[in-house]
Amino acid sequence: MSLDYLARIEKARFPLVVRHSHEVDSVRLLKAAELITASVPRGTLNLAFSDEGEAVVFGLTELGERVLRQSRLPPEAPLRRGRPRLDDD
């Protein structure tokens, strides 16, 4: 999923060069959704049926950072020891 890829590259050093076709596809989707800034040149290297490609990710946008923050689960509540009182409502 592209959001998983977004979370993976969040702490990367930019510019990040991507050369695997499935990662290039994720970059295309994230760029189209305006979650990252990237360059995916058109040409023979980035054909749809190729195993390799190339894209350069320059960074996450503000929207991309916000989506990541909202997609994370909130922290768990602290554990409570003992049993709750039965007379508490």
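As shown above, the structure is provided for reference.
Draft legend 1. Main features of the pattern of salt bridges. Under the definition given, this model contains 3 salt bridges. Put simply, arginine 19 and glutamate 54 hold a salt bridge, and the shortest N to O gap is 3.3 Å. Here the residue arginine 19 occupies a position in strand E1 (residues 16-20), and glutamate 54 occupies one in strand E3 (residues 52-60), the gap between them amounting to 35 residues. Residue class for arginine 19 comes out partly exposed when judged on its relative accessible area of 49%.

Draft legend 2. Geometry of the side chain of glutamate 23. Structurally, the position occupied by glutamate 23 is in helix H2 (residues 21-32). Sequence-distant contacts of glutamate 23, that is, excluding residues within four places in its chain, are made with Tyr5, Arg8 and Val18.

Draft legend 3. Looking closely at the environment of phenylalanine 58. With respect to the helices and strands, phenylalanine 58 occurs in strand E3. On the accessibility criterion, phenylalanine 58 (48% relative accessible area) is partly exposed. Residues phenylalanine 58 and serine 39 lie 19 residues apart in sequence; the distance between their C-alpha atoms is 7.9 Å. If sequence neighbours within four positions are ignored, phenylalanine 58 has contacts with Phe14, Pro15, Thr37, Ala38 and Ser39.

About the thresholds
- Starting afresh in each chain, residues are numbered from 1 along the sequence in its written order.
- Note on the predicted model: pLDDT of at least 70 is required for a residue's local features to be given, and 80 or more for side-chain atom pairs to be given and counted; whole-chain, interface and lining totals, by contrast, use all residues.
- Only hydrogens and water are set aside; all other atoms, that is, all heavy atoms of the structure, feed into the side-chain values.
- Here, a salt bridge means any Lys or Arg side-chain nitrogen found within 4 Å of an Asp or Glu carboxyl oxygen.
- Runs of E in the DSSP output that reach at least two residues are strands. Runs of H or I that reach at least four are helices, and both are numbered from the N terminus.
- Relative accessibility thresholds used throughout: buried, under 20% of the residue-type maximum; exposed, over 50%; partly exposed, between the two (1.4 Å probe, protein chains only).
- Contact criterion: two residues are considered in contact whenever any of their non-hydrogen atoms come within 4.5 Å of each other.

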